[in-house]
Amino acid sequence: MEKPKDTGVQCPQCKKGNLVERKSRYGKLFYSCSTYPDCNYATWNPPVAEECPNCHWPVLTIKTTKRRG
């Protein structure tokens, strides 16, 4: 088993742990809180430690698509 890589982004849900890069059982990367199972926050897109200008959510994600890149 590999150790999860730390992204350095604080979890927006519990504010205790950091978001870490993990692999699903099918090999796809996802990002979840390091305090799991106490906190169940997870996202598929890579997180960025910036606040959303519209809704003020403390984390932005990098969304890439095949059509728009």
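For the structure given in this document, a descriptive report is provided here. (Residues numbered from 1 in each chain as written. Predicted model: local features only at pLDDT ≥ 70, side-chain atom pairs only at ≥ 80, totals over all residues. Heavy atoms only, no water.)

## Section: the packing of aromatic side chains
Selection criterion: For this analysis, a ring pair means two rings from Phe, Tyr or Trp (six-membered ring only for Trp) whose centres lie within 6.5 Å, classed as stacked if their planes differ by under 30 degrees, edge-to-face if by over 60, and tilted for the remaining angles. By definition, any uninterrupted DSSP run of H or I lasting at least four residues is a helix, any uninterrupted run of E lasting at least two residues is a strand, and each is numbered from the N terminus.
Taken as a whole and judged by the stated rule, the model has 2 aromatic pairs. Between the aromatic rings of Phe 30 and Trp 44, the centroid separation amounts to 5.9 Å while the plane-to-plane angle is 65 degrees, which identifies the pairing as edge-to-face. Taken together, the positions of Phe 30 in strand S3 (residues 29-33) and Trp 44 in the loop between strand S4 (42-43) and strand S5 (47-48) put the pair 14 residues apart, joining distant regions of the chain. Relative to Trp 57, the ring of Tyr 41 lies with its centre 6.4 Å away and its plane at 40 degrees, an arrangement referred to as tilted.

## Overview of the sheet that holds strand S1 (residues 5-10)
Our working definition: Think of it this way: DSSP has to see at least two bridges between two strands before they count as a pair.
Here we have 4 strands laid out as an open sheet, ordered S1-S2-S3-S4, and antiparallel in their pairing. The sheet is open, and its two edges are formed by S1 and S4, each paired on a single side.

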